[in-house]
Structures are given as C-alpha cells and as structure tokens.
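# Notes for the structure review
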Amino acid sequence: MTTLVPGTKVVIKEKIMINIGVLASGRGTNLQAIIEAIEDGKIAGEIKVVMSDHPKACALKSAQQYLIDTRYIDFKEFKNREDFDKEIIKILKEKKIDLVVLAGYMRILSPYFIRAYQNKIMNIHPALLPSFPGLHAQKQAIGNGVKISGCTVHFVDEGVDSGPIILQKAVEVSDDDTEESLTEKILKEEHQIYPQAIQLFSESRLMIKGRKVFIK
Ligand code: GRF
C-alpha cells in the first residue's frame, strides 16, 4: 500500500522513494538496466525525467516506452555551457530530483551544475578509475596491455571521471580481446553495478568523506 506524505516523497512500506533524473546521449543500455531494477523493486525510486542532448538518442525512445517524461535539449539554442546546464537544472528542480544519473551522457557538466547537485550526481565509466579516464577507455585499456579492466560508478565532481568512487567491478582482459569485445564484457558488469549504486543511494547508505565513499 502506498501512503502519500507531505512534500514530494512517497513512502512504500517504510521506504523513501527518491526522484531520479537521467541524462543520456546515446544507446541507453544502462538506463534500461536501471529501469528494470526499479521495476523489480530493487531501487526505491522513480525516474521522473530522461533528458538528452541528442534528439534521436535511443535512451529517449526506451524511456518513452515506459511512459517516462523525456526532453531533448538543443545545445545550439544556448550561448554557453552554463546556460545550457541552467535549463537542465530548471527541469530537474521542477521534477524535484534527488539524484542525477549520467548514463552515457557525453557532455562535461559546468561547475554551476556540480554545485547545484553536489554529491547528488553519479556517473559510470568503462574502466577501473583512476586508470583510463576520458574518452575511449576500453581502447586505452587494450592499448596499454592491461590484464584487468572493468567499470566504476562514481560521484561527479568538477574534473573528468575524477569524483569519489562508489562501486567498481573488474573483468579479465584476454589476449584476443578487441575494443568491441572488452566493451561488451564491461557493459554486462555496468548493468549490475549502476543499479546497485543507485539502490545504495536510495537507501541513504552512501557516506562521502573526502575522496572516499563509505557504504553503511
Ligand atoms: C557506457 O559504456 C558507460 O560506461 C559510458 O557510456 C556508455 C553508455 O552506454 N559512460 P549506454 O548508453 O548506457 O548503453
């Protein structure tokens, strides 16, 4: 049974439901994994909006299939990154978003955005940070001949893939792995740890001290 309490939160069997806003630029397989985790009751939350800087992002189509509100925001309509981010923040505020989830979002957030949602923005990166930040992490891993790579969920700070680490999962890199095969291997693990990290956040079990995230 669902009981409405004053404010935006909904309590289901004593669980606080968080409002999630997702930013995605492409495929949206992580978004799909998160939606499924919510449907399975693993995350006490609801995706209130999915926004993209690409009108044809598959992530928007997937969200629409679940009747989630979607918005395309055209970067060209704004004079700079901060103004673009202000428009996104306006929508996040309207939707009373508690957690911003970057799921393959290909833009760097402005310091203004980071400050507005300090410690409330998560990202997933296809490498074991702090190794191989930035673009083409899997290609960097193959090129450097590492035997182990993986994925990292982290809070977002003002740097590139540099915020406090929440969860990581390792995968073995075999001699015959290509960028594509490693991407596939890592993606499977991303789909496990991203929903887990969001679940931990929704249960208020993440505590940040300096660069370290403690799981209660
Ligand atoms: C993933 O590899 C993720 O680690 C990176 O962007 C990719 C997004 O994939 N940040 P998808 O759009 O969720 O399929």
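Structure: see above.
Calculation notes
Residues numbered from 1 in each chain as written. Predicted model: local features only at pLDDT ≥ 70, side-chain atom pairs only at ≥ 80, totals over all residues. Heavy atoms only, no water. Salt bridge = Lys/Arg side-chain N within 4 Å of Asp/Glu carboxyl O. Helix = DSSP H or I, 4+ residues; strand = E, 2+ residues; numbered from the N terminus. Core = buried A, V, L, I, M, F, W, Y, C linked by side-chain atoms within 4.5 Å. Buried < 20%, exposed > 50% of the residue type's maximum accessible area, 1.4 Å probe, protein only. Contact = heavy atoms within 4.5 Å. Phe/Tyr/Trp six-rings, centres within 6.5 Å; stacked < 30°, edge-to-face > 60°. Lys NZ or Arg CZ within 6 Å of the ring centre and 35° of its normal.

Here the structure, examined in full by the defined rule, presents 13 salt bridges. With a closest N to O distance of 3.1 Å, lysine 169 and glutamate 189 form a salt bridge. One end of the pair, lysine 169, is in strand E10 (residues 165–172); the other, glutamate 189, is in helix H6 (residues 179–202), with 20 residues separating them in the sequence. The salt bridge partner of glutamate 203 is arginine 205, with a shortest N-O separation of 3.0 Å.

Formed by 43 residues in total, the largest nonpolar core has its most connected members in Ile20, Ile47, Met122, Ile166 and Ile198. Sorting elements by how many residues they give to this core places H6 first, with 8 residues. Other than its neighbours up to four places away in sequence, isoleucine 47 contacts Ile20, Val22, Leu31, Ile34, Ile35, Ile38 and Ile68. Among the nonpolar cores identified, the runner-up in size contains 19 residues, and Phe84, Ile88, Leu92 and Ile121 belong to it.

Under the criterion given, the structure shown has 3 aromatic pairs. Pairing phenylalanine 78 with phenylalanine 84 gives two aromatic rings, centres 5.7 Å apart and planes at 75°, and the pair type is edge-to-face. What makes phenylalanine 84 buried here is its relative accessible area of 1%. Each residue in the set Phe75, Phe78 and Phe84 is aromatic and connected to the rest through ring pairs, giving one cluster. Directly above the ring of tyrosine 112 sits lysine 86, whose terminal nitrogen or CZ lies 4.9 Å from the centroid. The residue whose ring lies beneath lysine 93 is tyrosine 117, and the NZ or CZ to ring-centre distance is 4.6 Å.

All quantities given are derived from atomic positions and should not be read as evidence of function.
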